[in-house]
Amino acid sequence: MVKSEDDLVEYGFRRVIITITAVLCALLEIVDTTIVNVALTNMRGSLGATLTDVAWVITAYAIANVIVIPMTSWLSQQFGRRNYFAVSIIIFTVSSFLCGNATNIWELVAFRFIQGLGGGALLVTAQTIITESYPIAKRGMAQAIYGMGVIVGPTLGPPLGGYLVDNFSWPYIFYINIPLGIIATLLTITFVRSPKYGEKLKSNQVDWIGIILLASFIGSLQFVLEHGQQDDWFNNPLITALSTVSLFGLILFIWRQLVYKHPIVNLSVLKDGNLRIGTLMSFILGFGLYGSTLIIPIYTQSILRWTATDAGLLLIPGSITTAIMMPFVGRMIQKGVPQSYMVAVGFLSFFLFTFMMYNVLTPDTGVEHMYWPLILRGVGLGLLFVPITTLSLSTLKGKNIGEGAAFTGMMRQLGGSFGIAIITTFITRFSQKHRVDLIANLDGSSFEVQQRIMQLQKGFMSKGFTFNESLKKAYQAIDYSVLKQSTVLAYMDIFLYLGILFLLCIPIVFFIKRGKNKIDPADAMH
C-alpha cells in the first residue's frame, strides 16, 4: 500500500457516516445468512420443493461466501476498495430483488449464489473500512463497534424473518434488503475513500488457476458439510467424489499459491505462530457461535412447539449482553489487559453456558430456565470475538494484517459450517441410540407400562374412538413420547460435548506470544 496508513483516518461527521455504512453492510450480509432458516417451510410450500432442495437456499449462499472471503483483499487491490465495495452492495441488492421474484427453487438457489458473491465482500471490506477510518489509538473501539454488528446479526435474523413470514410472505425477507442496499450504495460512493495501492495486475498475470482451485476446494467442502448427513455421508458416491475433489483441490491450491509469483491468497503470513493459533480459535468460535444459534431454535420449535418469532426472540437478550460487552472489551484492550486472559474467561463462560443448558433441557423447559445460560453465552462471545481477532494479528505488520484477517474471517465461517454439519449428524445418531436404549426399558409385561397404555386408551375412547383405534393411538402416543425424550437426550449430549470442546481450548490460549507491537484490535482488518 503506497498511501500512508493515517491518510484514511476520518473525523467527526464523516467518520460517523462511514461507520454506520460499514456496520449496515455487515449486518445486511449476516442477517441474510440466518433470516432464511425461518422461512424454509413456507418456501417449500410455495415453490413445491423437497426439504433437500430447499436446504440449497442456505448452501448456495454459504458456498459463495466462503469462496469470496479469501479473495477480498486481492479484489480490493485490483479494483480499488470503494468501487469494489459499492459494486458488491449493488450485486447484493439486485440479487435480493431477484430472489424475492424467483418462480422455482433452482432460480432462487442461483440468485442466492450471486447474492452470496456480493455478500462475502461486504463483511470483510466493511471491517477494513471501519478499522482504517479510526486513528490507531481508537481502533479497539472500532473493532468493538464492528463486532457488535457481527455478533448481533445472526440473532436478529430469525425473529425478523419470523415476523415477516408470519405477517407478510417469504419474498419480503429479501425485499427488505433493497431500500437498505440503495442507501448503503449512495453513502459508500459519497463518503468512503480508497487507499492507493501498488501496481494492479494485468489480466494475464492473474492467478486464474488458483481461483478455480480455491473455488473447487472450498465449494466442494461446503457442499459435503451441508449435505453429508441427509445423503448418508460416504455411502453416497457424490459426497465421496466431492470429498476427494476438496482434498486434492486443497493440496494443489496450497502448492499453486507457494510457487506462483502473484498469489491470490498470501499463505506466507501463516508462518506467524499467533496467527496460526488465532485461526484455530476463530474456527472453534465459529463452531460454537453458529452451532448454538442453530440448535436452540430447532429445540424450541420442534420440542417445545414455539413459533418462529418466539424462538428467535429467545436469543435477543444474550445478543444485547454481547453488544453491551463489546465497548468494555475494547476499552480493556486499550488499557493493556492481557487478551489471553480474556479469551480464557470467554471459553470458560461458554463452557458454563453449555453445562447449564445440559442441566435445564427437558421436553417442557420454560423460558426462565434458558434465560441466564443465554446471557452467559453473550458474555462469552463478547470476551472471545475481539480479543481472538486482535491476538491473531498482534505480531503481523502492514499489508499482512489484512491478509491474516482474511484467514480468521474464513476460518470463522468454515467453523460454522463444520459445526452445523457435525451437530446435525450427531443429533440424528444420538437420537437413534437413545431411542433404542429407552425402548429396551419399556417392558410390555410390566404393570406400569400396561397401566399407562390403559389410561391413554380410556382417554381416547372417551373422545369417541373405538376400542382398537384407541389402543393403536395409545401405542402411538407412547412411541411419540419416547421419540421426544430421545431427541432431548441427544440435544443434552450435544451441549455437553460442545462444553468439553471449549474447556479443552483454554490451555491453547497460553501458547500465545505477547505481541511486540501493541496492536489494538486495530488492524484486525477483517
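Please refer to the structure higher up on the page.
What you see is a predicted model; the values in this text were computed from it and never measured. (Residues numbered from 1 in each chain as written. Predicted model: local features only at pLDDT ≥ 70, side-chain atom pairs only at ≥ 80, totals over all residues. Heavy atoms only, no water.)

Our next topic: helix α10 (residues 237-259). For α10, with 23 residues, the first-to-last C-alpha span of 33 Å sits near the 33 Å given by 1.5 Å per residue. Along its buried surface, α10 packs onto α9 (208-227). (Helix = DSSP H or I, 4+ residues; strand = E, 2+ residues; numbered from the N terminus. Expected span 1.5 Å × (residues − 1). Contact = heavy atoms within 4.5 Å.)

This brings us to the side chain of Ser431. Position of Ser431 relative to the elements: it lies in helix α16 (residues 399-440). Judged by its relative accessible area of 13%, Ser431 is buried. A distance of 2.5 Å separates a polar side-chain atom of Ser431 from the backbone oxygen of Ile427. Each residue touching Ser431, except ones within four places of it in the same chain, is listed here: Phe426, Ser486, Thr487 and Ala490. (Buried < 20%, exposed > 50% of the residue type's maximum accessible area, 1.4 Å probe, protein only. Polar contact = N/O pair within 3.5 Å; in protein donor to acceptor, adjacent residues only side chain to side chain.)

Right, let's get into the side chain of Arg377. Turning to its location among the elements, Arg377 is positioned in helix α15 (residues 367-392). One buried charge, Arg377, has no salt-bridge partner; the nearest side chain with opposite charge is Glu29, at 16 Å. (Lys, Arg positive; Asp, Glu negative; His and termini not counted. Salt bridge = Lys/Arg side-chain N within 4 Å of Asp/Glu carboxyl O.)

Direction vectors running N to C along helix α4 (residues 81-100) and helix α5 (residues 105-133) enclose 145°, while the axes themselves pass 8 Å from each other. Here α4 runs over α5; the crossing is left-handed. Of the residues contributing to the contact of α4 with α5, the split by class is 14 nonpolar, eight polar and three charged. (Axes fitted to C-alpha atoms, helices over the stretch in contact; angles between N-to-C directions. Left-handed = near helix turned anticlockwise from the far one by under 90°. Nonpolar A, V, L, I, M, F, W, Y, C, P; charged D, E, K, R; others polar.)

Counted by the stated rule, this structure contains 16 aromatic pairs. Aromatic pair Phe97 and Tyr175: ring centres 6.3 Å apart, planes at 35°, arrangement tilted. Of the two residues, Phe97 is situated in helix α4 and Tyr175 in helix α7 (residues 172-175); the sequence distance between them amounts to 78 residues. Take Tyr175: its relative accessible area is 23%, and that puts it in the partly exposed class. Taking the ring centre of Tyr61 as reference, the NZ or CZ of Arg112 above it sits at 4.1 Å. (Phe/Tyr/Trp six-rings, centres within 6.5 Å; stacked < 30°, edge-to-face > 60°. Lys NZ or Arg CZ within 6 Å of the ring centre and 35° of its normal.)

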